[in-house]
Amino acid sequence: MQDVLNASTPADWRALDPGNTLYLELDSGRVVIELAPAFAPQHVANIRTLVRAGYFDGLTINRSQDNFVVQWGDAEGEDPAKARPMGEAKAKLPAEFTRPSEGLDFTTLPDADGWAPEVGFVQGFPAARDPKAGMAWLAHCYATVGAGRATAADSSTGNQLYVVTGQSPRQLDRNITTVGRVVQGMEHLSVLPRGTGPLGFYEKPEQRVAIRSIRLAADVPEAERAQLELFRTDRPAFADLVESRRNRRDDWYVHPAGHIDLCNVPVPVRVAATE
């Protein structure tokens, strides 16, 4: 794969859109999240509203479930008397589990998937689609960000967010609204102590991990932004990268697999070169 990256050109990389990038600031460092308005436009708009109002600032990570997810939001959110007001954000949103596949620039992987008729990438996001139904959705791979909900499908607003930190739970696909993915800083989430309560929730307030702030990159001075570039998934170089992972030709491999799972395809990230 490194040979593919070494041979890449500037056209094979893209910068993050500051208007769709979040910075989750923890005591341990920054987590960079790319939002996916093409798949969850109403949730992404609500998240932007919450972030710009400072809703998440001072809240906590409340859950770390082994081999599953880390989740943050208002720990008192279920108590109307204690819940933090959501301000101008909408208190009710439709479920955005899927969207029409028409109009998406979908880069299809060559191998079969057990969870969907076709899988691949849309603008760098791991995705799946059903050509017969004409629908597409984001897949729950490592680092996927979703909006937590209750039993009702339309009970998420984006004020409770989770990140997949374990083996890809693809059974969640089309059952919850996915809003983006972490592109840098997963190490700050994956190493958090596991919660001892049911579903990995922290049982004591002092176990929770404080959130300094969540900011939209567009609202951060340019000098303080993470200058990152992502490998484009709609270029021929990406097909070469996928093949380099499907059939490993280095001497260590005795039996190249000839197959790759959607959630095992890396989308490289690099610091942008400075002039």
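Note that this is a predicted model, so its numbers are computed, not measured.

Definitions and cut-offs
Residues numbered from 1 in each chain as written. Predicted model: local features only at pLDDT ≥ 70, side-chain atom pairs only at ≥ 80, totals over all residues. Heavy atoms only, no water. Disulfide = S-S within 2.5 Å. Helix = DSSP H or I, 4+ residues; strand = E, 2+ residues; numbered from the N terminus. Buried < 20%, exposed > 50% of the residue type's maximum accessible area, 1.4 Å probe, protein only. Pairing = 2+ DSSP bridges. Phe/Tyr/Trp six-rings, centres within 6.5 Å; stacked < 30°, edge-to-face > 60°. Lys NZ or Arg CZ within 6 Å of the ring centre and 35° of its normal. Contact = heavy atoms within 4.5 Å. Polar contact = N/O pair within 3.5 Å; in protein donor to acceptor, adjacent residues only side chain to side chain. Salt bridge = Lys/Arg side-chain N within 4 Å of Asp/Glu carboxyl O.

A.B. asks: Describe the state of the cysteines, listing the residues and the values that go with them.
C.D. replies: Inspection of the entire model under this criterion finds 1 disulfide. Residue Cys141 pairs covalently with Cys263 via a disulfide, S to S 2.0 Å. Residues Cys141 and Cys263 are joined by a disulfide whose S-S torsion is about -75 degrees; by sign, that bridge is left-handed. With a gap of 122 residues between them, Cys141 in the loop between strand 10 (135-138) and strand 11 (144-147) and Cys263 in the loop between helix 4 (236-246) and strand 16 (269-271) connect regions that are remote in the sequence. There is no split in this pair, since Cys141 and Cys263 are both buried.

A.B. asks: Tell me about the sheet that holds strand 7 (residues 106-108), and please be specific about residues and values.
C.D. replies: What the 5 strands build is an open sheet, ordered 6-10-9-8-7; its pairing is antiparallel. On the outer flanks of this sheet lie strand 6 (99-100) and strand 7, each paired with one strand and no other.

A.B. asks: Just give me the short version of the pairing of strand 9 (residues 125-130), but keep the residues and values in it.
C.D. replies: Sheet analysis places strand 8 (residues 118-122) next to strand 9, joined by 5 bridges and oriented antiparallel. When the bridges of strand 9 are listed, Glu118 appears paired with Arg129. As paired strands, strand 9 and strand 10 are joined by 4 bridges and run antiparallel to one another. Residue Ala128 lies in a different strand from strand 10, and its bridge partner there is Trp137. In sequence, strand 9 turns back onto strand 10 through a hairpin of 4 residues, with Gly134 there showing a positive phi of about 70 degrees.

A.B. asks: Give a detailed account of the packing of aromatic side chains, specifying residues and quantitative values.
C.D. replies: Under the counting rule described, the total for this entry stands at 4 aromatic pairs. Ring centres of Phe121 and Phe238 lie 5.2 Å apart, and the angle between their planes is 75 degrees; on these two criteria the pair is classed as edge-to-face. A residue pair is termed long-range when its members are at least 10 positions apart, and Phe121 in strand 8 and Phe238 in helix 4 qualify at 117 residues. Since its relative accessible area comes to 1%, Phe121 is described here as buried. Phe238 sits in the buried class, given a relative accessible area of 1%. Between the aromatic rings of Trp252 and Tyr253, the centroid separation amounts to 5.0 Å while the plane-to-plane angle is 75 degrees, which identifies the pairing as edge-to-face. Judged by its relative accessible area of 33%, Tyr253 falls in the partly exposed class. It is Arg174 that lies over the ring of Trp137; its NZ or CZ is 4.0 Å from the centre. The positively charged end of Arg181 is found above the aromatic ring belonging to Phe125, 5.5 Å away from the centroid.

A.B. asks: With reference to specific residues and values, describe helix 4.
C.D. replies: Every buried residue of helix 4 is listed here: Ala237, Phe238, Leu241, Val242, Ser244 and Arg246. The secondary structure elements touched by the buried residues of helix 4 are helix 1 (2-6), strand 7, strand 8 and strand 15 (228-231).

A.B. asks: Give me the lowdown on the side chain of Asn20, citing residues and values where you can.
C.D. replies: For Asn20, the position within the fold is in the loop between strand 1 (13-15) and strand 2 (21-26). One polar contact links Asn20 to Arg48, side chain to side chain, over a distance of 2.4 Å. Discounting chain neighbours no more than four positions away, the residues touching Asn20 are Ile33, Glu34, Leu35, Pro37, Val44 and Arg48.

A.B. asks: Outline the pattern of salt bridges, listing residues and values.
C.D. replies: For the structure on display, the rule yields 19 salt bridges. A salt bridge links Asp154 to Lys92; the shortest N-O distance between them is 3.3 Å. Here Lys92 lies in the loop between strand 5 (69-73) and strand 6 and Asp154 lies in the loop between strand 11 and strand 12 (161-164), a separation of 62 residues in the sequence. Judged by relative accessible area, Asp154 falls into the partly exposed class, the value being 31%. A salt bridge links Asp173 to Arg170; its shortest N-O distance comes to 2.6 Å. The same class applies to Asp173 and to Arg170, which are both buried.

Interpretation in functional terms is not warranted from these geometric data alone.
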